[in-house]
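If you want the building blocks of each chain, they are given just below.
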Amino acid sequence: MGAGREVSISLDGVRDKNLMQLKKLNLALFPVRYNDKYYDDALASGEFTKLAYFSDICVGAIACRLEKKEGGGQFRVYIMTLGVLAPYRGLGIGTKLLNHVLDLCSKENFSEVYLHVQTNNEDAINFYKKFGFEITETIQNYYTNITPPDCYVLTKYTVQSTSKK
């Protein structure tokens, strides 16, 4: 981008009428095909799932699922997907999408955000580490139709627990 040129990046919620945008992005971005449950979870997450537009062109998305934590009424956020089309990477779009979700987690007092990343996806691992995510687990044979099949679980704890003594 040339110096002084304003980049117009906007976020919009996902709803029934624009769900096809998310489906098209996922086809272009990921080696995995997502089922109806994925899209139901994305819609149910409300503000936690967003489409990103660059000058009114849909170029990226983040899709989350809200999960009840084991043993309590607290929720955590699972980032199902975060992706930006290749020509639009490096413009801050992925950062804007992820910051949106992390800010929402703080506002809603959700203490944990996590995701799965294929073990050879260095770009994604480094991206999430910049935001304070850490590798907390390795799962062998997580993926069935892609190589390598293994993944890391990356986790960020967004709110410090007040129950420490």
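These figures come from a predicted structure and were not determined experimentally.

1. Here we look at the overall build of the chain
Turning to step 1, where the next piece is worked out: Secondary structure assignment for the chain yields 4 helices and 7 strands.
Turning to step 2, where the next piece is worked out: When the elements of the chain are put in sequence order from the N terminus, they spell out β-α-α-β-β-β-α-β-α-β-β.
Turning to step 3, where the next piece is worked out: Whereas a compact globule of 165 residues would reach a radius of gyration of roughly 15 Å, the chain reaches 16 Å, a difference of no more than 12%.
Turning to step 4, where the next piece is worked out: Projected onto the principal axes, the alpha-carbon positions of the chain cover approximately 50 × 35 × 35 Å.

2. A closer look at the environment of leucine 97
Turning to step 1, where the next piece is worked out: The topology assignment puts leucine 97 in helix H3 (residues 93-108).
Turning to step 2, where the next piece is worked out: In this structure leucine 97 comes out as buried when scored by relative accessible area, which is 0%.
Turning to step 3, where the next piece is worked out: Linking leucine 97 and glycine 46, residues 51 residues apart in sequence, is a C-alpha distance of 14 Å.
Turning to step 4, where the next piece is worked out: Residue contacts for leucine 97: discarding those within four places in its chain leaves Leu11, Lys50, Ala52, Gly60, Ala61, Ile62, Leu82 and Val84.

3. Side note on the pattern of salt bridges
Turning to step 1, where the next piece is worked out: Summed over all chains, the structure comprises 7 salt bridges.
Turning to step 2, where the next piece is worked out: Across the salt bridge formed by arginine 15 and aspartate 12, the nearest N and O atoms sit 3.1 Å from each other.
Turning to step 3, where the next piece is worked out: Two residues, aspartate 41 and arginine 65, come together in a salt bridge whose shortest N-O distance is 3.8 Å. A residue pair is termed long-range when its members are at least 10 positions apart, and aspartate 41 in helix H2 (residues 36-44) and arginine 65 in strand S3 (residues 57-68) qualify at 24 residues.
Turning to step 4, where the next piece is worked out: The exposure class assigned to aspartate 41 is buried, which follows from its relative accessible area of 14%.
Turning to step 5, where the next piece is worked out: Given the relative accessible area of 23%, arginine 65 is considered partly exposed.
Turning to step 6, where the next piece is worked out: Put simply, Lys37, Asp41, Arg65, Glu67, Arg76 and Glu112 are held in one network by salt bridges that share partners.

4. Some remarks on the packing of aromatic side chains
Turning to step 1, where the next piece is worked out: One pass over the structure, following the stated rule, counts 11 aromatic pairs.
Turning to step 2, where the next piece is worked out: For the pair phenylalanine 127 and phenylalanine 131, a centre-to-centre distance of 5.0 Å together with 55 degrees between the ring planes defines the contact as tilted.
Turning to step 3, where the next piece is worked out: Where tyrosine 142 meets tyrosine 143, the ring centres are 4.9 Å apart and the plane angle is 85 degrees; that geometry is what we call edge-to-face.
Turning to step 4, where the next piece is worked out: The class for tyrosine 142 is partly exposed, based on a relative accessible area of 33%.
Turning to step 5, where the next piece is worked out: Overall, tyrosine 143 belongs to the buried group, its relative accessible area being 17%.

5. Concerning H2
Turning to step 1, where the next piece is worked out: Tyr38, Tyr39, Asp41 and Ala42 are the residues of H2 that are buried. Buried positions in H2, seen along its axis, are confined to an arc of 160 degrees and lie on one side of it. Seen from the buried face of H2, the exposed residues on the opposite side, beyond 90 degrees, are Asp36, Asp40 and Ala44.
Turning to step 2, where the next piece is worked out: For H2, the secondary structure elements touched by its buried residues are helix H1 (19-29), S3 and strand S4 (75-84).
Turning to step 3, where the next piece is worked out: The N-capping residue of H2, defined by a side-chain oxygen 3.1 Å from the backbone nitrogen of lysine 37, is asparagine 35.
Turning to step 4, where the next piece is worked out: Positive backbone phi, approximately 60 degrees, marks glycine 46, located one or two places after H2.

Procedures and definitions
- Residues numbered from 1 in each chain as written.
- Predicted model: local features only at pLDDT ≥ 70, side-chain atom pairs only at ≥ 80, totals over all residues.
- Heavy atoms only, no water.
- Helix = DSSP H or I, 4+ residues; strand = E, 2+ residues; numbered from the N terminus.
- Rg over C-alpha atoms; globule rule 2.2 N^0.38 Å.
- Buried < 20%, exposed > 50% of the residue type's maximum accessible area, 1.4 Å probe, protein only.
- Contact = heavy atoms within 4.5 Å.
- Salt bridge = Lys/Arg side-chain N within 4 Å of Asp/Glu carboxyl O.
- Phe/Tyr/Trp six-rings, centres within 6.5 Å; stacked < 30°, edge-to-face > 60°.
- Arc of directions from axis to C-beta.
- Polar contact = N/O pair within 3.5 Å; in protein donor to acceptor, adjacent residues only side chain to side chain.

All we've got here are geometric facts, nothing functional implied.
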